[in-house]
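# Coordinate inspection notes
Below are the chains, spelled out letter by letter.
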Amino acid sequence: MASASANSLFAPSLTSSSPSSSINSSTTKLVFLRSSAAYSSFPSIKLISSSSSRTPFVARVVKATVSPEITVSKDADLQAKGTKPTILVAEKLSDAGLEVLKGFAEVECAYNLSPEELRSKISQVDALIVRSGTKVTREVFEAAQGRLKVVGRAGVGIDNVDLPAATEFGCLVVNAPTANTVAAAEHGIALLASMARNVAQSDASMKAGKWQRNKYVGVSLVGKTLAVMGFGKVGSEVARRAKGLGMHIIAHDPYAPADRARALGAELVSFDEAIKTADFISLHMPLTPSTSKVFNDEAFAKMKKGVRIINVARGGVIDEEALVRALDNGTVAQAALDVFTEEPPPKDSRLVQHENVTCTPHLGASTAEAQEGVAIEIAEAVLGALKGELAATAVNAPMVPAEVLSELAPYVLLAEKLGRLAVQLVAGGSGIKGVKVVYMSSRNQDDLDTRLLRAMITKGIIEPISSSFVNLVNADFVAKQRGLRIAEERVVIDGSPEFPLESVQVQIANVKSKFASALSESGEIRVEGRVKDGMPHLTRVGSFSVDVSLEGNLILCKQTDQPGMIGRVGNILAEQNVNVNFMSVGRTAPRKQAIMAIGVDEEPNKDSLKKIGEVPAVDEFVFLKL
């Protein structure tokens, strides 16, 4: 029986392929797409037509496959003005970045501004560049009075920028996510080696006047197994360097292509296998709801005694109190940490003060070269946005007309939730080869534009397992960057054109599923939904019809259809005060196989999920976060 607990999903690097699947519908007619002219300023659409004789009503099915090619348009306003835009640099930026800016704009550097001073200046500038120290709040955007066009964050995280306010006021936000990759990887290797040889501790000992050769005997790296948790840009660079030190590399990243891992001499394994067999564990996943405190008491208990841990990713992926307990009981021999849940950590932090912990103050990107690279990257992104180019590193969406949002709002939510559901059903170790989206609608080709829906499905698939921010501006770029190919198919059906869509279906082919019943007859993970009374509903899982509102969280159970099943599972949840907001059962036939879809407001604890799995009639189940 499948377990309800799911390994964390993070840092995807997806291979590209075009999954093939078809839709069975006796109401399928001619399929149309919006004319190419309508896409002139957006990623291009390649049209591939194929005949179909599945039903007598089918004339032709037309597939639209995304080809993420970014087009560029110039800012007519700036050209018309004939004057240079003004850029305010509110935090230290290297000279190389400033030189790039000065070639196009008037640049004012004003550091350590108070919130009041920033608000007073902001209406006089077209762009603002900050690091992590300056808070760009709603009040700042209000004070800009519509002039501020771009906010550039010199770094990856954008927690200090109010994204909803930026979007509301029509301001694009861009960041610099790639320039510090090598620096972070090098710092990870530096911590790995210094921890193994007790460099920091022996240095402190000598400076205290001691000579303790016997106390600080280290361990060799040659022949040891390093588990790289998250095989994205930084993780793969760490693997490359550790391989040169003679280490055996294993990696966990459910979405990393096996051929890419093999090319770097790494073996892809499951989460549990990675932490059970590793001598050293290096963390490189983003902090998302699914990775928060993923290294906890339960995870540490599975590790080899004497394991050593390096973290140059995000502090929150480790339960710091659990790590202290693991250090105290000897499960973890040493830890080398560059990041912490709270930064700076408290001065009396038991973790920081632990004798077997090596600490640095978030220095992963702190090299002269990385700082210069970040400065140049953010300068080019800001200037590109000011010139009207579609920014590849944009982290917020452009303004959408109110009437369009009003009609598409529930479908936008449906699209994102279907993406989230589909990616959580993929079993660890399966590389996603591509995603197919099928829209069923009675609208003609001029009345349905799926760009926003495609972006939201991409968002739902990528955001839960990565640190990327996905929206209409950058969805195709992010998908291309991660090797994810989105194929779209539009099917025109009989119905009322009053509503934009009848249903949306998301398919992921050539993967294993942690919930086998989510596989269709043709073998791909398939989820389908529609909007009912303004709310997104799940209407199909694999070959089973269900009807459950997509709010809160979701439990899917495959069971033998028999009396009392709803009551038994409901009672288990009630015992833990978990509120059921919706329940639906789809079955093949009475007393045969069925799927029970249960919407819950809270997340059940592990004991409750275990009890559900122990119900004799339950064959498999899975808990999904929406």
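Residues numbered from 1 in each chain as written. Predicted model: local features only at pLDDT ≥ 70, side-chain atom pairs only at ≥ 80, totals over all residues. Heavy atoms only, no water.

### Structural notes on helix α14 (residues 368–386)
The terminal C-alpha atoms of α14 lie 27 Å apart, and with 19 residues this matches the ideal 27 Å at 1.5 Å per residue to within 8%. Inspection of α14 places Ala370, Val374, Ala375, Glu377, Ile378, Ala379, Ala381, Val382, Leu383, Gly384, Ala385 and Leu386 among the buried residues, and these make up the whole buried set. Once α14 finishes, glycine 388 follows within two positions and takes phi at roughly 95 degrees, a positive value. (Helix = DSSP H or I, 4+ residues; strand = E, 2+ residues; numbered from the N terminus. Expected span 1.5 Å × (residues − 1). Buried < 20%, exposed > 50% of the residue type's maximum accessible area, 1.4 Å probe, protein only.)

### Examining helix α18 (residues 565–575)
In an α-helix, one turn spans 3.6 residues, which is why side chains three or four residues apart end up on the same side. Looking only at α18, the buried set comprises Met565, Val569, Gly570, Ile572 and Leu573. Taken end-on, α18 shows its buried residues confined to a sector of 155 degrees, consistent with a single buried face. Exposed and oriented more than 90 degrees from the buried face of α18 are Asn571, Ala574 and Glu575. On the buried face of α18, the contacting elements are β21 (553–560), β22 (580–587), β23 (593–600), α19 (606–614) and β24 (618–625). Looking one or two places after α18, you find asparagine 577, whose phi comes out positive at around 60 degrees. (Arc of directions from axis to C-beta. Contact = heavy atoms within 4.5 Å.)

### Let's talk about the pairing of β22
Across 7 bridges, β22 lies against β23 in antiparallel orientation. Pairing of valine 585 across the sheet is with methionine 596, part of β23. Where β22 folds back on β23, the antiparallel hairpin that results is connected by 5 residues, among which arginine 591 adopts a positive phi of roughly 70 degrees. (Pairing = 2+ DSSP bridges.)

### Concerning the packing of aromatic side chains
Evaluated as defined, the whole model comprises 1 aromatic pair. For the pair phenylalanine 271 and phenylalanine 295, a centre-to-centre distance of 5.8 Å together with 45 degrees between the ring planes defines the contact as tilted. Pair noted here: phenylalanine 271 is in helix α10 (residues 271–277) and phenylalanine 295 is in the loop between β11 (280–283) and α11 (297–301), with a separation of 24 residues, a long-range link. Considered together, phenylalanine 271 and phenylalanine 295 belong to a single accessibility category, that of buried residues. (Phe/Tyr/Trp six-rings, centres within 6.5 Å; stacked < 30°, edge-to-face > 60°.)

### Focus: the confidence of the model for the protein
In the predicted model, the protein carries a mean pLDDT of 82, and the fraction of residues at 70 or more is 84%. Contacts of residues 1–81 to residues separated by more than four positions or lying in other chains number 217 contacts, the stretch itself having pLDDT below 50. (pLDDT = per-residue confidence, 0-100.)

### Some details on the side chain of glutamine 201
In this fold, glutamine 201 is placed in helix α7 (residues 199–207). Here glutamate 355 takes part through its backbone oxygen, which lies 3.3 Å from a polar atom of the side chain of glutamine 201. Setting aside its immediate chain neighbours within four residues, glutamine 201 contacts Tyr216, Gln334, Glu355, Asn356, Val357 and Thr358. (Polar contact = N/O pair within 3.5 Å; in protein donor to acceptor, adjacent residues only side chain to side chain.)

### Some details on the sheet that holds strand β12 (residues 307–311)
Taken in spatial order, the 7 strands line up as β10-β9-β8-β11-β12-β13-β14 in an open sheet, and their pairing is parallel. For this open sheet the edge positions go to β10 (266–268) and β14 (357–359), each flanked by a neighbour on one side alone. Adjacent strand axes in the sheet meet at a mean angle of 20 degrees, parallel and antiparallel pairs treated alike. (Axes fitted to C-alpha atoms, helices over the stretch in contact; angles between N-to-C directions.)

### Digging into the pairing of strand β6 (residues 150–153)
Remember that side chains alternate between the two faces of the sheet whenever the strand is regular. Every second residue of β6 is oriented toward a common face, with Val150 and Gly152 on one face and Val151 and Arg153 on the other, all of them buried. In this sheet, β6 lies alongside strand β5 (residues 127–130) in parallel orientation, the contact comprising 4 bridges. Directly across from valine 130, in β6, lies its bridge partner arginine 153. By the bridge criterion, 4 bridges tie β6 to strand β7 (residues 172–175) in an arrangement that is parallel. Its bridge partner lying in β7, valine 151 is registered against valine 173. Each parallel crossover has a hand, and the one from β6 via helix α5 (residues 163–168) to β7 is right-handed. (Right-handed = clockwise from strand over helix to strand, strands pointing away.)

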